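Structural overview
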Amino acid sequence: MATLLTNIAELTTNVDPHDDRADDRTGTLTDASVLIEGDRVAWVGVAGDAPAADEVIDVGGRAVIPGFVDSHSHLVFGGDRAAEFEARMAGQKYAAGGIRSTVAATRAATEDELRTRLRGFLDEMLAQGTTTVEIKSGYGLSVVDEERLVRLAAEVTPEVTFLGAHVVPAEYADRSDEYVDLVTGPMLDACAPHAKWIDVFCETGAFTVAQSRRVLEAGIARGLAPRVHASQLGPGDGVRLAVELDAASIDHGTYLTDADVGALAGSDTVLTLLPGVEFSTRQPYPDARRLIDAGVTVALACDTNPGSSFTSSMPFCIAVAVRDMGMTPGEAVWAATAGGARALRRDDVGVIAPGARADLVLLDAPTRIHLAYRPGVPLVRQVWKDGDRVG
């Protein structure tokens, strides 16, 4: 069955128009239509040139954008950390060690409890326009618990990341190298069959550069592609390690040196910015303008997790990125769609083009600018996922 969406006031395709327009490199069309056949986009263009279709949907002069691609989330966990958030708002500094409280709650949760909560988060994200999501483990930190987290994640997405090297668990306090032995040995053996990616928190309070290298290289040897958490709490060498190992993304990047920016700009590694973290932890927002102007490929993601960013709203992250990180609305929407796809090294999502997956979001607004212009307002009117209307 062919479905035609027509009377689209503004269509963001994220297909580079290859012209000299400095204000928009996202292939935005006006008075546009999109033809969906099965789970794919079949045609995109001006409404007057649209082909015939079995079903025609007049969207009433609203905007359509690609489905959001959230390339950084931690959706499988137990408990919450509302008290920790309250303490931060009262002045307590954020530290990586708070992860251990979620580890305890996650280990105590049943598999059915974790699965039900995971699916609830996915429904929440889909209602807000997120059609592709990456999910990390990292709240089990034992062989048994990490294996069940990646296995549950693999039930709902192909973008599963093994993050056994999130922090050192309490039972390995002062024995971090022994814990890395566990992560790179039995834990990796158990988790690799369910995962696509390997990740590590390369940060003071988590893992050193040498330990991070061990984790990433072990994962690469097992066929997993690398991603890296780094430079969230302070400057360090994690960015350069990520670039050296051709990591798909370096995530956080709150504290970057000029050398870090130069290394990223000359690489295929995407810098994934996580505005919800800075909002929740009161750390300084990264200067996205500096990064984009330097030639760094930037993605936006929610980092949904109970400690540092308990939001699943990509529209919220877009609004913050525009307001506090120096991005234009067009850049922020690109980063939350095509940028996220690049962070996952995919070209079938994050764009609206023939052959791409038919993941589209209809906004209750005439332009994508309203995502930042009307923060907190539920502007996602309809979502298509793999060609099906959802919600």
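Scroll up to find the structure.
Here the structure is a predicted model, which is why all the values come from computation and not from measurement.

**Describing the sheet that holds strand 17 (residues 388-390)**
- Across the sheet, seven strands lie side by side as 3-2-1-4-15-16-17; this open sheet has mixed pairing. Edge positions in the open sheet fall to strand 3 (40-46) and strand 17, since each of these has one partner strand only. On average, each strand axis in the sheet is inclined to that of its neighbour by 40°, with strand direction left out of account.
- The pairing of strand 16 (residues 380-385) with strand 17 spans three bridges and is antiparallel. Opposite Val 383, over in strand 17, you have Val 390 as the bridge partner.

**Thoughts on unusual backbone geometry**
- Even without being glycine, Asn 14 reaches a positive phi, approximately 65°.
- Mapped onto the elements, Asn 14 comes out in the loop between strand 1 (2-11) and strand 2 (29-37).
- In this structure Asn 14 comes out as buried when scored by relative accessible area, which is 8%.
- Within the chain, Asp 31 stands out as a residue other than glycine whose phi angle is a positive 50°.
- Look at Asp 31 and you get partly exposed, because its relative accessible area is 45%.

**Here we look at the environment of Val 64**
- In this fold, Val 64 is placed in strand 4 (residues 55-66).
- You can call Val 64 buried: its relative accessible area is 1%.
- In the structure, Val 64 is positioned 160 residues away from Leu 224 in sequence and 34 Å away in space, judged by C-alpha atoms.
- Val 64 has contacts with Ile 8, Glu 10, Leu 11, Thr 12, Ile 352, Leu 360, Val 361 and Leu 362, leaving out every residue within four places of it along the chain.

**A short note on the packing of aromatic side chains**
- Applying the stated criterion across every chain yields a total of seven aromatic pairs.
- Residues Phe 77 and Tyr 139 carry aromatic rings whose centres are separated by 6.1 Å and whose planes lie at 70° to one another, so their mutual orientation is edge-to-face. Taken together, the residues Phe 77 in the loop between strand 5 (68-70) and helix 1 (82-89) and Tyr 139 in the loop between strand 7 (135-136) and helix 4 (143-154) connect sequence positions 62 residues apart.
- For Phe 77, a relative accessible area of 1% gives the class buried.
- Plain terms: the ring middles of Tyr 179 and Phe 207 are 6.3 Å apart, the flat faces sit at 25° to each other, and that makes the pair stacked. Here the residue Tyr 179 occupies a position in helix 5 (residues 176-191), and Phe 207 occupies one in the loop between strand 9 (197-202) and helix 6 (209-221), the gap between them amounting to 28 residues.
- Through pairs of rings, three or more aromatic residues link up here, namely Phe 77, Phe 121, Tyr 139 and Phe 310.
- Positioned over the ring face of Trp 197 is Arg 227, at 4.4 Å from the centre of the ring.

**Section: the pattern of salt bridges**
- Taken as a whole, this structure holds 35 salt bridges when the rule is applied.
- A salt bridge links Asp 199 to Lys 136; the nearest nitrogen and oxygen atoms lie 2.8 Å apart. Here the residue Asp 199 occupies a position in strand 9, and Lys 136 occupies one in strand 7, the gap between them amounting to 63 residues. Accessibility assignment for this pair places Asp 199 and Lys 136 in one class, buried.
- A salt bridge links Arg 240 to Asp 260, with the shortest nitrogen-to-oxygen separation between them at 3.4 Å.

**A few points about empty space enclosed by the protein**
- All told, the structure shown has one cavity of 30 Å³ or more when counted by the stated rule.
- By volume, the largest cavity amounts to about 100 Å³.
- Lining the largest cavity are 14 residues, with Tyr 94, Ile 99, His 166, Asp 303 and Ser 308 sitting closest to its centre.
- Residue composition of the lining of the largest cavity, by class: four nonpolar, eight polar and two charged.

Calculation criteria
Residues numbered from 1 in each chain as written. Predicted model: local features only at pLDDT ≥ 70, side-chain atom pairs only at ≥ 80, totals over all residues. Heavy atoms only, no water. Pairing = 2+ DSSP bridges. Helix = DSSP H or I, 4+ residues; strand = E, 2+ residues; numbered from the N terminus. Axes fitted to C-alpha atoms, helices over the stretch in contact; angles between N-to-C directions. Buried < 20%, exposed > 50% of the residue type's maximum accessible area, 1.4 Å probe, protein only. Contact = heavy atoms within 4.5 Å. Phe/Tyr/Trp six-rings, centres within 6.5 Å; stacked < 30°, edge-to-face > 60°. Lys NZ or Arg CZ within 6 Å of the ring centre and 35° of its normal. Salt bridge = Lys/Arg side-chain N within 4 Å of Asp/Glu carboxyl O. 1 Å grid on protein atoms, 1.4 Å probe; cavity = no way out; pocket = protein on both sides within 12 Å on 5 of 7 lines; lining within 4 Å. Points joined across faces, edges and corners; volume = space filled by probe spheres on them. Nonpolar A, V, L, I, M, F, W, Y, C, P; charged D, E, K, R; others polar.

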